Amino acid sequence: MIELQDVSYHYQNNSAQGICALDHITCHLDMGRCYCLQGPNGCGKSTLFRILNGLSFPTSGHYIFNGMEITEKAMRKPDFSKDFHKQVGFVFQHSEIQLFCKTVEEEIAFGLQQLRLPDSEIEARVERYIQLLHLENIRQRAPFNLSGGEQKRCALAAVLAMDPKVLILDEPISGLDEEGQEWVTSFIRELKSPDRMMIIATHQSSFAEEVADVRLQMTKEHRMTISD
């Protein structure tokens, strides 16, 4: 499903080579697996997530998604970009930055409306994910007025409603209290499916041990090791 072939990334600065963020990363990620990405601050995790989401592109090497190379040129094509983003869902570490609608219901419906789904299908999916994420009591509230845990659930509902094949989560339990962390951990375990891949960045080894099928370890040298 996802292949990174000798991927490197350098941020531009005054030097000829720039600042290295990823150094010759090669890996193959399969459907049905939950991958946990760990490593120290500054090791390249955020850059890797930007590449996986088609927001940045390798300085060298290749990112292959479902047999197609993801390049800046390809992502300029509206149909290609739309299809890619339909298949890849991303929940930010700070969920509030991706919430902008007037109510939780509208937030979940927004992406579905961009896909031009029938109204009946939109209504059915909104209701399904409101129930799944236990948002019934706050469905008419503004997302920016919610607690951190409620915002996390709202963002998850909005992304999951798009039915992505790949779900990328950046520090999903960061900033949550113990009860919230336990809920997210349990929910992620329940989300595992042969038809879904999850890639999760976390600093918490105990959380990774609970949910990971495969551990991706980034080093301070911006390289990656893989272990089951």
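Residues numbered from 1 in each chain as written. Predicted model: local features only at pLDDT ≥ 70, side-chain atom pairs only at ≥ 80, totals over all residues. Heavy atoms only, no water.

Teacher, can you tell me more about the overall build of the protein chain here?
Broken down by element type, the protein chain carries 8 helices and 10 strands. Compactness check: the protein chain gives a C-alpha radius of gyration of 18 Å against a globular reference of 17 Å for 228 residues, within 12% of the reference. A burial count over the protein chain gives 50% of its 228 residues as buried. Across the protein chain, the fraction of contacts at a sequence separation of at least 24, relative to all contacts at a separation of at least 6, is 65%. By element, 46% of the accessible surface of the protein chain is carried by carbon and sulfur atoms, the whole surface being about 11,800 Å². Measuring between centres, the 23 positive side-chain charges of the protein chain sit 5 Å from its 32 negative side-chain charges. (Helix = DSSP H or I, 4+ residues; strand = E, 2+ residues; numbered from the N terminus. Rg over C-alpha atoms; globule rule 2.2 N^0.38 Å. Buried < 20%, exposed > 50% of the residue type's maximum accessible area, 1.4 Å probe, protein only. Contact = heavy atoms within 4.5 Å. Areas by Shrake-Rupley, 256 points an atom, 1.4 Å probe, with all protein chains shown as cover. Lys, Arg positive; Asp, Glu negative; His and termini not counted. Charge placed at Lys NZ, Arg CZ, Asp CG, Glu CD.)

I'm lost on helix α7 (residues 178–191) in this one. Help?
Three- or four-residue spacings in an α-helix give side chains the same orientation, since the helix completes a turn every 3.6 residues. An ideal rise of 1.5 Å per residue puts 20 Å on 14 residues; α7 measures up with 20 Å between its terminal C-alpha atoms. Residues Gly180, Val184, Thr185, Phe187, Ile188 and Leu191 constitute the buried set of α7. What you see down the axis of α7 is that its buried residues fit within an arc of 165°, all on one side. For α7, the exposed residues set more than 90 degrees away from the buried face come down to Glu178, Glu179 and Glu190. (Expected span 1.5 Å × (residues − 1). Arc of directions from axis to C-beta.)

Can you walk me through the sheet that holds strand β2 (residues 19–29) in this structure?
Strands belonging to one sheet form pairs held by backbone hydrogen bonds; the direction of such a pair is parallel or antiparallel. With respect to topology, 4 strands assemble into an open sheet ordered β2-β1-β4-β5, the strand pairing being antiparallel. One side of each edge strand has no neighbouring strand; the edge strands of this open sheet are β2 and β5 (68–69). Bridge count for strand β1 (residues 2–11) against β2 is 7 bridges, and the pairing is antiparallel. Looking across to β2, one finds that Leu4 is bridged to Cys27. Sheet strands in contact with helix α1 (residues 45–52) are β1, β2 and β4 (60–65), and its direction is about 125° off that of β1. (Pairing = 2+ DSSP bridges. Axes fitted to C-alpha atoms, helices over the stretch in contact; angles between N-to-C directions.)

Just checking my understanding: could you explain the pairing of strand β8 (residues 197–201) for this structure?
A regular strand places its side chains so that they alternate between the two faces of the sheet. When you tally the buried positions in β8, you get 5 out of 5 residues, the bulk of the element. Burial along β8 is two-sided: the residues Met197, Ile199 and Ala201 and Met198 and Ile200 are all buried. The sheet contact formed by strand β3 (residues 34–38) and β8 spans 4 bridges and is parallel. Counted as the bridge partner of Leu37 is Ala201 from β8. Summarising the sheet, strand β7 (residues 166–170) and β8 pair through 5 bridges and their orientation is parallel. Among the inter-strand pairings, Asp170 is bridged to a residue of β8, identified as Ala201.

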